[in-house]
Amino acid sequence: DRRALFVHACENGDVHALSDEVSGLVATRPGLTAHYCYRSPSERDKAKQRFHSEGMISRDVLQRLLPIDDYDFYLCGPPPLMQAIYAMLRALGVPKLRIAYEFFGPSTVLEPDAFRTSAVVAQPARIVPTDEATTVEFRKSALKAIWDGSAASLLDFAEDHGLKPEFSCRSGICGTCKSRLVSGDVAYFEEPLDELGAGEVLLCCSRPSGSIVLDI
Ligand code: FES
């Protein structure tokens, strides 16, 4: 009879994993409730009232959902989300021992100071400028642009140029952003969870190592 609140944050209803399954459990398990937080709900999400809050999971949202009581927290998600929620819970006075977690992806340390140290170590080599500019060509989109190193990933770069590649986790886990590399090579700043086939690339966790051509 333990009460449990399941909080799920994602982009919108189109990429909301296991929503039917969770809603089914909520309907049949006494004491279980769910809260869905969509960063960018679609018009369909709004019409169907598929979510409970909009934006990111904030301190306000957590305090509204969790009246003063004694809780255990179980976190799971990509590193930036985990770090943000962990820091938020600690700031709310939740003891470390009451927070359990499991990462999507690399076991980045949650403590901010330790994270800064590991982030420096894990920082990939920047693209070394050469006489010839590094370019990224999106062949199917008939678009070619100079990679100046300011985008965090090829996915960000594509979006910065108006393209909308498919994505979900943005951390090398789900494979949704998998694309075909026509030529060139990429470097991963987060290792993909699954092995990729020849000529496949995950846009969300890679950067070009020199000029490349993508089949998108
Ligand atoms: S969006 Fe999930 S692996 Fe890239």
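Residues numbered from 1 in each chain as written. Predicted model: local features only at pLDDT ≥ 70, side-chain atom pairs only at ≥ 80, totals over all residues. Heavy atoms only, no water.

1. Re the overall build of the protein
Reasoning step 1: In terms of helices and strands, the protein carries six helices and twelve strands.
Reasoning step 2: By the burial criterion, 34% of the 216 residues in the protein qualify as buried.
Reasoning step 3: Here the contacts in the protein between residues at least 6 apart in sequence split such that 54% fall between residues at least 24 apart.
Reasoning step 4: Summing over all exposed atoms, the protein offers an accessible surface of approximately 13,300 Å²; the carbon and sulfur share of this is 53%. (Helix = DSSP H or I, 4+ residues; strand = E, 2+ residues; numbered from the N terminus. Buried < 20%, exposed > 50% of the residue type's maximum accessible area, 1.4 Å probe, protein only. Contact = heavy atoms within 4.5 Å. Areas by Shrake-Rupley, 256 points an atom, 1.4 Å probe, with all protein chains shown as cover.)

2. Thoughts on the confidence of the model for the protein
Reasoning step 1: Of the residues in the protein, 87% reach a pLDDT of 70 or more, and the chain-wide mean stands at 85.
Reasoning step 2: Confidence over residues 112-129 falls short of pLDDT 50; this stretch has 14 contacts with residues more than four positions distant or in other chains. (pLDDT = per-residue confidence, 0-100.)

3. Side note on the nonpolar core
Reasoning step 1: Val136, Phe138, Leu154, Phe157, Leu203, Ile212 and Leu214 are the most contacted members of the largest nonpolar core, which totals 21 residues.
Reasoning step 2: With sequence-adjacent residues up to four places away left out, Ile212 is seen in contact with Thr135, Val136, Glu137, Leu154, Leu181, Ser183, Gly184, Asp185 and Val186.
Reasoning step 3: Counting 13 residues, the second-largest nonpolar core is a separate cluster that includes Leu62, Leu66, Leu89 and Val94. (Core = buried A, V, L, I, M, F, W, Y, C linked by side-chain atoms within 4.5 Å.)

4. A look at the sheet that holds strand β1 (residues 4-10)
Reasoning step 1: In space, the three strands of this open sheet follow the order β1-β2-β3, with parallel pairing throughout. Sheet topology places β1 and β3 (53-54) at the edges, where each strand pairs with a single neighbour.
Reasoning step 2: Bridge count for strand β2 (residues 32-38) against β3 is two bridges, and the pairing is parallel. The residue of β3 that forms the bridge with Cys37 is Ser53.
Reasoning step 3: Against the sheet, helix α1 (residues 19-28) makes contact with β1 and β2, and its axis sits at roughly 150° relative to β2, the strand it touches most. (Pairing = 2+ DSSP bridges. Axes fitted to C-alpha atoms, helices over the stretch in contact; angles between N-to-C directions.)

5. Looking at the sheet that holds strand β6 (residues 135-138)
Sheets are built from strands paired through backbone hydrogen bonds, the pairs being either parallel or antiparallel.
Reasoning step 1: If you walk across this open sheet you meet the five strands as β7-β6-β12-β8-β10, and the pairing is mixed. Looking along the sheet, the strands with just one partner apiece sit at the ends: β7 (143-146) and β10 (200-202). When strand polarity is set aside, the average angle formed by the axes of neighbouring strands in this sheet is 35°.
Reasoning step 2: Bridge analysis of β6 against strand β12 (residues 212-214) gives three bridges, and the strand direction is parallel. Its bridge partner lying in β12, Glu137 is registered against Val213.

6. Side note on helix α4 (residues 79-91)
Reasoning step 1: Between its terminal C-alpha atoms α4 stretches 18 Å, which fits the 18 Å expected from 13 residues at 1.5 Å a residue.
Reasoning step 2: Listed as buried for α4 are Pro79, Met82, Gln83, Ile85, Tyr86, Met88 and Leu89.
Reasoning step 3: Remark: Gly93 follows α4 within two positions and exhibits a positive phi of approximately 90°. (Expected span 1.5 Å × (residues − 1).)

7. Overview of unusual backbone geometry
Reasoning step 1: If you check the backbone angles, Gln49 has positive phi at about 50° while not being a glycine.
Reasoning step 2: Relative to the elements of secondary structure, Gln49 occurs in the loop between α2 (43-48) and β3.

8. A few points about the environment of Ala133
Reasoning step 1: For Ala133, the position within the fold is in the loop between α5 (112-122) and β6.
Reasoning step 2: Residues Ala133 and Trp147 lie 14 residues apart in sequence; the distance between their C-alpha atoms is 7.5 Å.
Reasoning step 3: Contacts of Ala133, omitting those with residues within four sequence positions, involve Ile146 and Ser211.

9. A look at the side chain of Ser206
Reasoning step 1: With respect to the secondary-structure elements, Ser206 resides in strand β11 (residues 206-208).
Reasoning step 2: Residue classification places Ser206 among the buried positions, given a relative accessible area of 0%.
Reasoning step 3: Discounting residues that sit within four places of it in the chain, Ser206 has contacts with Ser153, Leu154, Val186, Ala187, Tyr188, Phe189 and Val201.

10. A word on the side chain of Asn12
Reasoning step 1: Among the secondary structure elements, Asn12 is positioned in the loop between β1 and α1.
Reasoning step 2: In terms of polar contacts, Asn12 uses its side chain to reach the backbone amide nitrogen of Asp14, at 2.9 Å.
Reasoning step 3: Those residues within four positions of Asn12 in sequence are excluded, and the remaining contacts are Tyr38, Ser40, Pro41, Ser42 and Asp45. (Polar contact = N/O pair within 3.5 Å; in protein donor to acceptor, adjacent residues only side chain to side chain.)

11. Observations regarding the pairing of β1
Reasoning step 1: Alignment of β1 against β2, held across seven bridges, turns out to be parallel. By the bridge assignment, Cys10 is partnered in β2 with Tyr38.
Reasoning step 2: Taking the sense of rotation as the criterion, the β-α-β connection linking β1, α1 and β2 turns out right-handed. (Right-handed = clockwise from strand over helix to strand, strands pointing away.)

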